[in-house]
Amino acid sequence: MPSKGMRSICFSPRTPSFALAPTTTTASSPARSSPARSTISNPNSTPGRRSSFSDYRTQQIIETASAIVTKWDPETSPYAKVTSLFYESKPEALQFLKCLTDLQTAMRLLSAQDSKDPRLVRAQHLMQIGMKRLQKEFYQILSTNRAYLDPESISTRSSARSSLSDFDGVDDDDNAAGADAIAEVEQVSSLAMDDLRSIAECMISAGYAKECVGIYRVIRKSIVDEGIYRLGVERVGSLSRMSWESVELRVKAWLEAVKVAVRTLFNGERILCDHVFAAFDSVRESCFAEISKDGAALLFGFPELLLAKIKKKDGTAPDRIFRILDMYAAISENWTEIESIFESDSTSAVRSQALNSLARLGESARSMLAEFESTIQKDKHHHSSKSPVPIDGGIHPLTNYVADYLALLADNYNSVLADILQDWPSPPAAAKSSSPEHSFFDSPRSDDESREPALSVRFSWLLLVLLSKLDGKAKSYKDASLSYLFLANNLSYVVSRARGSNLGFVIGEEWVGKHEAKVGQFAASYERLAWGPVLAALPEEDPAAAVSAEEAREVFKRFGSRFEEAYRKQSCCIVEDPKLRDEIKKSIARKLVPRYRGFYEKNRATAGARRNVGIFVKYTPQDVARYLSELFLEVIVEEGSSPSTSSTSSSSHRR
């Protein structure tokens with residue numbers, strides 16, 4: 001507890017508390033009279049004879065009140081001018097409050113008996129002095145206990161106590177020291193809150209609600225406004241002139257601020273206001289509304305400023321959706337607390353502002369998903385022009401963009417999007433029925449499928465739009481085998497991203513499994529078209545059967561030519577997925593190498609003398625296996641080069 005000297009300095013008459021106090025009415029001034037005060041006479045009573053006991057009791061109350069009120073009147077007592085009543089002597093402070101309460105009772109009695117009684121004038125004068133004293137005390141307690149009455153301390157007192165009890169493994173001495181520190185803070189805070197409540201009840205009961213609430217509102221509102229500012233939420237006229245990078249910094253600050261502001265700042269102020277004005281519901285609600293409305297409006301109004309910025313500068317750019325969803329989640333996750341803290345009619349505007357921001361963020365997110373679908377259709381992701389198909393049959397940039405975008409949404413915003421999309425109509429049935437064969441909607445949907453979550457339906461539809469676009473792009477290849485390799489590569493990437501993220505959970509195992517099988521079908525079609533002619537160069541019935549020398553030379557020559565041609569074309573292709581790459585190479589080798597080995601071993605000697613055999617037989621089975629193992633590794637094969645040439649120079653040509 002501060003020393004008397006410190007208390008005297010803290011309670012200097014030069015503090016701003018005097019600016020908040022009403023003008024003092026001296027003994028010679030007219031008595032303060034207002035319909036709000038308790039000097040209104042009772043219309044049901046008529047002046048009559050007063051009993052001796054009643055006169056004695058009334059006089060006694062006035063004299064007792066006069067003694068203590070005069071003692072603590074800073075205008076007549078130098079001691080009272082530099083000393084705080086509630087810090088100096090709590091028992092005397094409680095007696096001071098009791099005397100004013102009794103004085104109020106006496107004033108009602110005198111007013112009912114004779115409104116011109118001189119004692120009533122004296123009682124009114126004493127009441128004014130006492131109220132002025134309480135205003136000073138109220139201001140002093142609020143000002144000097146800011147550290148103990150800050151919203152964080154108030155809102156976390158109980159949680160701090162409970163969390164401390166959970167540390168069973170902590171050293172007993174440390175635990176005891178922590179408990180003592182918390183207990184000390186709580187004691188000071190509780191005493192200050194109780195004193196404020198006692199003063200508020202006395203002042204409001206006496207008709208001085210305006211003065212009491214005025215002091216409280218000025219001090220506590222400054223704390224809320226300062227807290228909002230310290231959290232990084234500033235009042236800005238417009239975000240339109242800021243770069244997106246600057247706006248993102250403000251959004252990040254806002255996201256951090258929402259949780260702290262709701263659960264600590266506003267919650268703490270709600271608790272304090274409820275305690276101090278517990279006996280007066282209307283005062284409590286109106287006071288909290290005045291304290292919090294500006295800060296809350298600034299906090300929950302920020303999303304609308306952001307949406308205006310996005311709409312003006314970027315339309316509904318899909319890449320902006322991530323910040324939109326972050327802000328939606330911030331309000332949604334704290335909605336229970338927002339609704340509880342701002343539950344009264346006087347704070348309904350705050351609830352409406354938060355709900356409006358939530359609704360507009362949801363609308364904006366849906367618009368951005370619609371724009372994302374349009375981006376896929378137009379193939380203008382990242383504001384670029386349409387991308388040509390890769391000459392190597394690799395993964396198209398649009399596939400990367402769409403699959404990564406959806407995987408990121410599924411990993412981080414699953415529940416948020418599920419909430420936003422639950423009432424959004426599904427894609428039109430006509431659009432589904434006109435989709436290409438590799439479609440999530442390619443068969444009539446059962447009753448169970450029709451009840452799938454809106455998020456699953458929407459993401460499956462967006463992937464269908466992508467696959468439809470890729471199907472059209474595949475037709476631009478002149479080589480049909482490259483078309484199928486392109487489809488296999490791109491669909492494999494989509495399936496891989498689904499398997500490796502929450503996207504697979506969103507669209508369902510059935511979708512993933514079906515399209516994984518589709519990858520195998522595309523790969524098989526590629527093998528048939530690209531390597532079928534090579535396989536057809538060998539005898540169809542039994543490649544290990546002996547043939548004539550002339551026929552053997554013809555088969556070896558035909559096989560070598562076709563193998564070189566196929567290898568030259570396919571060496572320009574890539575398969576980025578290691579698993580798919582190995583599967584395709586092993587499948588080709590499994591079909592080709594054993595058949596060629598059988599023919600080679602049976603007919604090599606027949607083809608010619610050892611020194612001339614190289615003219616007809618260019619490749620051994622080991623050569624074929626080795627060249628096949630080097631496929632799809634981003635090797636550039638020059639026009640006219642043979643597999644052996646490309647193998648020799650592959651190290652210098654790898655990209």
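Residues numbered from 1 in each chain as written. Predicted model: local features only at pLDDT ≥ 70, side-chain atom pairs only at ≥ 80, totals over all residues. Heavy atoms only, no water.

On the secondary structure map, Thr83 appears in the loop between helix H4 (78-81) and helix H5 (85-88). Residue Thr83 is classed as buried on the basis of its relative accessible area, which comes to 5%. Here the side chain of Thr83 touches Tyr79 through a polar contact of 2.8 Å, landing on its backbone oxygen. (Helix = DSSP H or I, 4+ residues; strand = E, 2+ residues; numbered from the N terminus. Buried < 20%, exposed > 50% of the residue type's maximum accessible area, 1.4 Å probe, protein only. Polar contact = N/O pair within 3.5 Å; in protein donor to acceptor, adjacent residues only side chain to side chain.)

On to the environment of Asn334. Mapped onto the fold, Asn334 is located in the loop between helix H13 (321-333) and helix H14 (335-341). Overall, Asn334 belongs to the buried group, its relative accessible area being 3%. Once the C-alpha coordinates of Asn334 and Val262 are considered, the two residues, 72 residues apart in sequence, prove to be 7.3 Å apart. With sequence-adjacent residues up to four places away left out, Asn334 is seen in contact with Val258, Lys259, Val262 and Arg263. (Contact = heavy atoms within 4.5 Å.)

A few words now on the environment of Lys579. Within the fold, Lys579 resides in helix H25 (residues 578-603). Sequence separation between Lys579 and Ser492 is 87 residues, and the spatial gap between their C-alpha atoms is 9.8 Å.

As a further point, take the packing of aromatic side chains. By convention here, two paired aromatic rings are described through the distance between centres and the angle between planes. Overall, the coordinates contain 26 aromatic pairs when judged by the stated rule. Measuring from ring centre to ring centre gives 4.0 Å for Phe372 and Tyr405, while their planes differ by 15°; the resulting arrangement is stacked. One end of the pair, Phe372, is in helix H15 (residues 348-378); the other, Tyr405, is in helix H16 (residues 397-412), and 33 residues separate them in sequence. Taking the relative accessible area as the measure of exposure, Tyr405 reaches 4% and is therefore buried. Taking the centre distance of 5.9 Å and the plane angle of 90° together, the rings of Tyr619 and Tyr627 count as edge-to-face. There is no split in this pair, since Tyr619 and Tyr627 are both buried. Among the aromatic side chains, those forming a connected cluster through ring pairs are Trp531, Phe556, Phe559, Phe563, Tyr567, Tyr596, Phe599, Tyr600, Tyr619 and Tyr627. The ring of Phe288 carries the charged tip of Arg270 above its face, separated from the ring centre by 4.3 Å. The ring of Trp424 carries Arg458 above its face, with NZ or CZ at 3.9 Å from the centroid. (Phe/Tyr/Trp six-rings, centres within 6.5 Å; stacked < 30°, edge-to-face > 60°. Lys NZ or Arg CZ within 6 Å of the ring centre and 35° of its normal.)

Under the definition given, this model contains 33 salt bridges. Among the salt bridges present, the one from Glu137 reaches Arg133, with a minimum N-O distance of 2.8 Å. In this pair, Glu137 and Arg133 are both assigned in helix H7 (residues 118-144), 4 residues apart and thus about one turn of the helix distant. This pair shows no difference in class: Glu137 is buried, exactly as Arg133 is. (Salt bridge = Lys/Arg side-chain N within 4 Å of Asp/Glu carboxyl O.)

Attention shifts here to the nonpolar core. By size, the foremost hydrophobic cluster in this structure holds 172 residues, and its most contacted members are Phe277, Leu409, Phe459 and Trp531. Here this core takes 13 residues from helix H11 (residues 244-276), the largest share from any one element. (Core = buried A, V, L, I, M, F, W, Y, C linked by side-chain atoms within 4.5 Å.)

Before going further, it helps to examine helix H17 (residues 414-421). Burial in H17 covers these residues: Val416, Leu417, Ile420 and Leu421. Along the axis of H17, the buried residues cluster in a sector spanning 115°; they form a single face. Packed against the buried residues of H17 are H13, H15, H16 and helix H20 (454-474). (Arc of directions from axis to C-beta.)

Here we take up the packing of H13 against H16. Direction vectors running N to C along H13 and H16 enclose 10°, while the axes themselves pass 12 Å from each other. With respect to H16, the element H13 is oriented roughly parallel. In contact with Ile321, Phe322 and Leu325 of H13, H16 contributes Tyr405, Leu408 and Leu409. When grouped by side-chain class, the residues that make up the contact of H13 with H16 number 6 nonpolar, no polar and no charged. (Axes fitted to C-alpha atoms, helices over the stretch in contact; angles between N-to-C directions. Parallel < 35°, antiparallel > 145°, perpendicular 65-115°, else oblique. Nonpolar A, V, L, I, M, F, W, Y, C, P; charged D, E, K, R; others polar.)

For the rest of this paragraph, the subject is the packing of H20 against helix H21 (residues 480-499). Where H20 meets H21, the closest approach of the two axes is 9 Å, and the angle between their N-to-C directions is 160°. Classed by the angle they form, the pair H20 and H21 counts as roughly antiparallel. Here H20 and H21 pass one another in a crossing that is right-handed. Counting all contacts with H20, which are made through Leu463, Leu466, Leu467, Leu470, Asp471, Lys473 and Ala474, the residues of H21 involved are Ser483, Phe486, Leu487, Asn490, Leu491 and Val494. Taken together, the residues of the contact of H20 with H21 break down into 9 nonpolar, 2 polar and 2 charged. (Left-handed = near helix turned anticlockwise from the far one by under 90°.)

With 76% of its residues at a pLDDT of at least 70, the chain reaches an overall mean of 81. For the stretch residues 160-167, pLDDT sits under 50, and the model shows 7 contacts to residues farther than four places along the chain or on other chains. Within the model, pLDDT remains below 50 along residues 644-655, and this stretch shows 17 contacts once partners closer than five positions in the same chain are excluded. (pLDDT = per-residue confidence, 0-100.)

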